[in-house]
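Breakdown of the fold
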Amino acid sequence: MDKSMLGDLDALPEADKLRMSAMIDQLQIRDSLRMYNSLVERCFSDCVDSFRRKSLDKQEETCVRRCAEKFLKHSMRVGLRFAELNQGAATSD
C-alpha cells in the first residue's frame, strides 16, 4: 500500500494505522478481483457462443484477446483520468 494514503492519519495510534492499512489493502484486493471477474464475464459472454470443444477456436480466442485488451486499456485510461482529476483537486485546495 502507498504510505502517502495514510498522510492524514498521523494523529492516530500506531495500532489504528495498521488496521487502516490492512483495510485499505483488503479493499484494493477486492476491487482487483471484481475488475478481473467483470473482465472474464464480459469477454466470455461476448465471445464464446457455444461449447463445441474443450478449447477456444481461433475466432473466439481472437475475440477474447481483443476484448481483454480493450477492457484493460479502458480501465487504465479511467484510472489515469481519475488520478489527473484527483491531483487537480488537491492542488486547488
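Residues numbered from 1 in each chain as written. Predicted model: local features only at pLDDT ≥ 70, side-chain atom pairs only at ≥ 80, totals over all residues. Heavy atoms only, no water.

**A closer look at the state of the cysteines**
Note: disulfide means a covalent bond formed between the sulfur atoms of two cysteine side chains. Under the defined criterion, the tally for this structure stands at two disulfides. Residue C43 pairs covalently with C67 via a disulfide, S to S 2.1 Å. Taking the sign of the S-S torsion, -90° for the link of C43 and C67, the bridge is left-handed. Note that C43 is positioned in helix α1 (residues 14-47) and C67 in helix α2 (residues 58-91), a separation of 24 residues in sequence. (Disulfide = S-S within 2.5 Å. Helix = DSSP H or I, 4+ residues; strand = E, 2+ residues; numbered from the N terminus.)

**Here we look at α1**
In a regular helix each residue adds 1.5 Å, so 34 residues correspond to 50 Å; α1 covers 49 Å between its end C-alpha atoms and thus fits that length. For α1, the set of buried residues is K17, S21, I24, L39, C43 and C47. Of the surrounding secondary structure, the elements contacted by the buried residues of α1 are α2. (Expected span 1.5 Å × (residues − 1). Buried < 20%, exposed > 50% of the residue type's maximum accessible area, 1.4 Å probe, protein only. Contact = heavy atoms within 4.5 Å.)

**Examining α2**
End to end, α2 covers 49 Å across 34 residues, agreeing with the expected 50 Å (1.5 Å per residue, within 8%). All of the buried residues along α2 are E60, C67 and F71. Those residues of α2 hidden inside the fold are in contact with α1. Taking the backbone nitrogen of Q59 as reference, a side-chain oxygen 3.3 Å away marks D57 as the first, capping residue of α2. (Polar contact = N/O pair within 3.5 Å; in protein donor to acceptor, adjacent residues only side chain to side chain.)

**Comments concerning the side chain of D57**
By secondary structure assignment, the location of D57 is in the loop between α1 and α2. Of note is the side chain of D57, whose polar atom sits 2.8 Å from the backbone nitrogen of E60.

**A look at the packing of α1 against α2**
For any two helices packed against each other, one specifies the inter-axial angle together with the distance between the axes. Between α1 and α2, the least distance of the axes is 9 Å, while the angle of their chain directions is 145°. Once α1 is placed against α2, the crossing between them reads as right-handed. Contacts from M35, S38, L39, R42, C43, D46 and C47 of α1 reach α2 at E60, C63, V64, C67, A68, F71, L72 and S75. Counted by class, the contact of α1 with α2 contains ten nonpolar, two polar and three charged residues. (Axes fitted to C-alpha atoms, helices over the stretch in contact; angles between N-to-C directions. Left-handed = near helix turned anticlockwise from the far one by under 90°. Nonpolar A, V, L, I, M, F, W, Y, C, P; charged D, E, K, R; others polar.)

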